[in-house]
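Inside the fold
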Amino acid sequence: MQILQNFNKAFESKARLGIMSVLMVNEVVSFIVLKDLLSMTDGNLATHLRALEEANYITFKKEFIGRKPSTVYSVTVDGKKAFEDHLNELEKFIKGS
Amino acid sequence: MNEHLENLKEIRSLMERSSKFLSLSGLSGISAGVCALLGAWYAYAKLHVDGSSLLSIPEVRQEIVPKLVLEAIVVLGFALFFGVFFTVRKTRKQGLSVWNKTSKLLLLNLMIPLCAGGLFCLGMLYHGFFWLCFPATLVFYGVALVSASKYTLHDLFYLGIAEIALGLIALFLAKYNLICWSIGFGVLHIVYGSVMYFKYDRQESDIPN
């Protein structure tokens, strides 16, 4: 089980994997859309987003759509690399077992 | 092991779902359908267009075609206006700007067959094959929907297939031209729009803005 050590702790939960996979294929994704896609509660989603943000894997920006504020998230270069590495590890693990 | 496989499956589905333009509003479909039906009714009742007279009497054609083309442009204008309006409203509700990568892809794939079809019909009008425009607009529109369906809700695929089928029926059973056209652009849009509205939009509109 040595290979498991290469798994990135930041992506341990399913929610974070979900957030990252959505952000990987979209330039920017709003909080509301993320919530909808992942069927998570506001608080839960915010916690996971903050964790990823603290790891410097994602960034966010507040914008106005019309008069309404909206927070949009995007993945950073670090985040992209880390997520790709993580997927490679997953792949290796599945092939190896 | 199983857990990781599950995770991978989930990642896959999320990547696929999230890279589509999911804000197409059902109300857009309904409004487009209503515009088309009003247009078809106007053509039938006021301009006295029916499939068979267009096929057989050249004098009728001469007189009616410019009016019909003008009417078609007006109908298209209204349908587009309301269609865009409801979809923009839905995207705003989701906290997104309408002009994003997925909407661009959707529009591009919709516009290629649609523009080709539009020019094709203009060409046929120019050469006097007027009645062929009814089946042709249906078929080209269907092809456009099928091609765009990869970038939005998959349900659009079936609407596209239905439009193509109706177009072909209108081609072979030429006297049912206007009927097929009304069903394709009117009734089908309303049915599709309502199904989409109740399937996807309604829960979201319950959320207070």
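This write-up is about the structure you can find in this document. All figures in this text were calculated on a predicted structure; none of them were measured in a lab. (Residues numbered from 1 in each chain as written. Chains lettered and ligands numbered in written order. Predicted model: local features only at pLDDT ≥ 70, side-chain atom pairs only at ≥ 80, totals over all residues.)

The helix and strand inventory of chain A stands at four helices and three strands. The N-to-C order of helical and strand elements in chain A reads α-β-α-α-β-β-α. Seen through its principal axes, chain A has C-alpha atoms that stretch 50 × 25 × 20 Å. A burial count over chain A gives 31% of its 97 residues as buried. (Helix = DSSP H or I, 4+ residues; strand = E, 2+ residues; numbered from the N terminus. Buried ≥ 20, exposed ≤ 12 C-beta atoms within 10 Å, placed from the backbone.)

This next bit is on the interface of chain B and chain A. Across the contact, 18 residues belong to chain B and 22 residues belong to chain A. No other element matches the ten residues that helix α1 (residues 2-18) of chain B contributes to the side of chain B that touches chain A. Grouping the constituent residues of the side of chain B that touches chain A by class yields seven nonpolar, seven polar and four charged. (Contact = placed C-beta atoms within 7 Å. Nonpolar A, V, L, I, M, F, W, Y, C, P; charged D, E, K, R; others polar.)

Before going further, it helps to examine the environment of R202 of chain B. Residues and elements named next belong to chain B. With respect to the helices and strands, the residue R202 is situated in helix α8 (residues 177-206). Since 11 C-beta atoms lie within 10 Å of it, R202 is described here as exposed. A sequence separation of 58 residues divides R202 from A144, and the C-alpha atoms of the two residues are 27 Å apart.

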